[in-house]
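Below are the chains, spelled out letter by letter.
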Amino acid sequence: MNFLSTRGASPALGFSAALAMGLAPDGGLYVPRHIPRLDAEALPADCAANTLSALLAPLLASGDPLRPHLPALCAEACDFPLPLKALGEDRAWLLELFHGRTAAFKDLAAGFLAAALSRLRAIDAPAQTVLVATSGDTGAAVAAAFHRRPGFRVVVLYPEGRVSPAQAHSLGAFGDNVQAVAVQGSFDDCQRLVKQALADIELRAQAPLLSANSISLGRWLPQMAYYAWHALRFQRTHGESINLIVPTGNLGNAMAALLARAMGLPIGEIRLATNANPTLDAFARGSAYTPRDAIATLANAMDVGAPSNFERLRWLAGGEDRRIRELVRVQRVDDERIRATLAEAEARHGTLPCPHTACGLAVLEDLRGTGDARPWLVAATAHPSKFTEVVAPYARNPITPPAAFAALLAKPSEAATMAADSTALASVLRG
Ligand SMILES: *Cc1c(COP(=O)(O)O)cnc(C)c1O
């Protein structure tokens, strides 16, 4: 049994069982009992799927039901390109993670989760409802990953009027087994409704529910794919370790980079770029960890005041705050700086990023400003076309969405509207 809860009061489970469980029964997050140390020189770097499969294999016990399917699951998840784009200066690249179905990095791991849960599902099991709250990107990635999968239905809750028009359109464009619900309230209301539904035993007996938020093991671990694959390729071509800048909200994507490094991948420094939400930055500067209410920014997918994966960061650091501060540096980027970065991006970097990626570019610019000459990859977490209202004023040319996302935007879109009320949600789920 390989996975334990960060709170230490739940039984250990194998990978598949922990993945199906979601949150541990004691409210903690699943983490591996030991971090396997791999020999980077022996790892495959021919494609991201094979690198991922080699990283996950030691985390799955030999009897794990998913073990024989691991290569196929990884291939299914890594089914889109993950290219590097040289920035307009030496030794810095964008790691473009937005070529999947909904143009955000979340597509890769959501694809793994959906493929894995489909494999684990018994043919005769009752249909399950994947319930997600989204501030924009998660819902679409999860919907795309489960779209038309037999035995699954997806209900996506988003705050009405508070996601970008492209995000809202894409959420309602799937149809079939995906239902988009515009909630008359905030993202926090949506999240509260999901938590209440998941805790409602009577409701769950009538409508089996699954959650697919960023604490899921099936979403955390597969995100190692792109960092590990590029780190190996960089090491083999340039003979040195690459450094990473990761735009961060709930710390899911960043925790995957940190775990890959802990497993022995040639990754140097990992810097987190947050928006104006101060929780991580204040902690990194030495304050006690203090969750806060989220504040709204231009990089809305990172509007997080209480990063849900923080317990995993603490686990990785052996529970020591001082050690966390050694593991990662954090830099906060406010809206004014996001705008300034967007305004200069095409001239300076030869590319127009999304507002989240702009936070990463701002961190790179500051590093260069202090004379740092090391090689850096900046994770580009979404395509700018998802945030046209924010980026269009700075665009020299029309912003064209990638083909898969354009196809989604071209479809008709439909969403139900619902009060932020658990009785209303229960009737949607039963219906
Ligand atoms: C979700 C998201 C993030 C934040 O990722 P975390 O794993 O929550 O830290 C950053 N950028 C974009 C575009 C996102 O959708």
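Located above this text is the structure these notes cover.
Residues numbered from 1 in each chain as written. Predicted model: local features only at pLDDT ≥ 70, side-chain atom pairs only at ≥ 80, totals over all residues. Heavy atoms only, no water.

Some remarks on helix 16 (residues 355-369)
In an α-helix, one turn spans 3.6 residues; hence positions three or four apart end up facing the same way.
So, step 1. Between its terminal C-alpha atoms helix 16 stretches 21 Å, which fits the 21 Å expected from 15 residues at 1.5 Å a residue.
So, step 2. After helix 16 finishes, the residue glycine 371 shows a positive phi value of roughly 90 degrees. (Helix = DSSP H or I, 4+ residues; strand = E, 2+ residues; numbered from the N terminus. Expected span 1.5 Å × (residues − 1).)

Quick look at the side chain of asparagine 243
So, step 1. Looking at where asparagine 243 falls in the secondary structure, it is placed in strand 9 (residues 242-247).
So, step 2. With relative accessibility at 5%, the residue asparagine 243 sits in the buried group.
So, step 3. Side-chain polar atoms of asparagine 243 contact the backbone oxygen of proline 375, separated by 2.9 Å.
So, step 4. Discounting chain neighbours no more than four positions away, the residues touching asparagine 243 are Gly268, Glu269, Arg374, Pro375, Trp376 and Leu377. (Buried < 20%, exposed > 50% of the residue type's maximum accessible area, 1.4 Å probe, protein only. Polar contact = N/O pair within 3.5 Å; in protein donor to acceptor, adjacent residues only side chain to side chain. Contact = heavy atoms within 4.5 Å.)

Quick notes on the environment of isoleucine 267
So, step 1. Relative to the elements of secondary structure, isoleucine 267 occurs in strand 10 (residues 267-274).
So, step 2. Between the alpha carbons of isoleucine 267 and alanine 257 there is a distance of 8.3 Å; along the sequence they are 10 residues apart.
So, step 3. With residues near it in sequence (within four places) discarded, isoleucine 267 still touches Tyr227, Ala231, Ser241, Ile242, Leu244, Ala257, Ala260 and Arg261.

Brief notes about the site of the ligand
So, step 1. Within the structure, the ligand sits among 14 residues, and Lys106, Asp137, Gly249, Asn250 and Thr381 are positioned closest to it.
So, step 2. Within the backbone of asparagine 250, an N or O atom sits 2.8 Å from an oxygen atom of the ligand.
So, step 3. Bound to the protein, the ligand loses 97% of the 380 Å² it would expose on its own.
So, step 4. Within the shell around the ligand, the residues separate by chemical class into 5 nonpolar, 7 polar and 2 charged. (Near = heavy atom within 4 Å. Areas by Shrake-Rupley, 256 points an atom, 1.4 Å probe, with all protein chains shown as cover. Nonpolar A, V, L, I, M, F, W, Y, C, P; charged D, E, K, R; others polar.)

A few points about the sheet that holds strand 5 (residues 128-133)
So, step 1. Here 5 strands make up an open sheet; going across it, the order is 8-5-6-7-13 and the pairing parallel. Looking at the sheet topology across the chains shown, the edges are occupied by strand 8 (209-211) and strand 13 (416-419). When the angles between neighbouring strand axes are averaged without regard to direction, this sheet yields 30 degrees.
So, step 2. Relative to strand 6 (residues 152-159), strand 5 runs parallel, the two sharing 6 bridges. Residue pairing for strand 6: threonine 129 is matched across the bridge by arginine 153.
So, step 3. The strands that helix 7 (residues 187-198) touches are strand 5, strand 6, strand 7 (178-184), strand 8 and strand 13; relative to strand 5, the one it contacts most, it runs at about 150 degrees.
So, step 4. Set on the sheet, helix 19 (residues 422-430) makes contact with strand 5, strand 6, strand 7, strand 8 and strand 13; between it and strand 6 the angle comes to about 155 degrees. (Pairing = 2+ DSSP bridges. Axes fitted to C-alpha atoms, helices over the stretch in contact; angles between N-to-C directions.)

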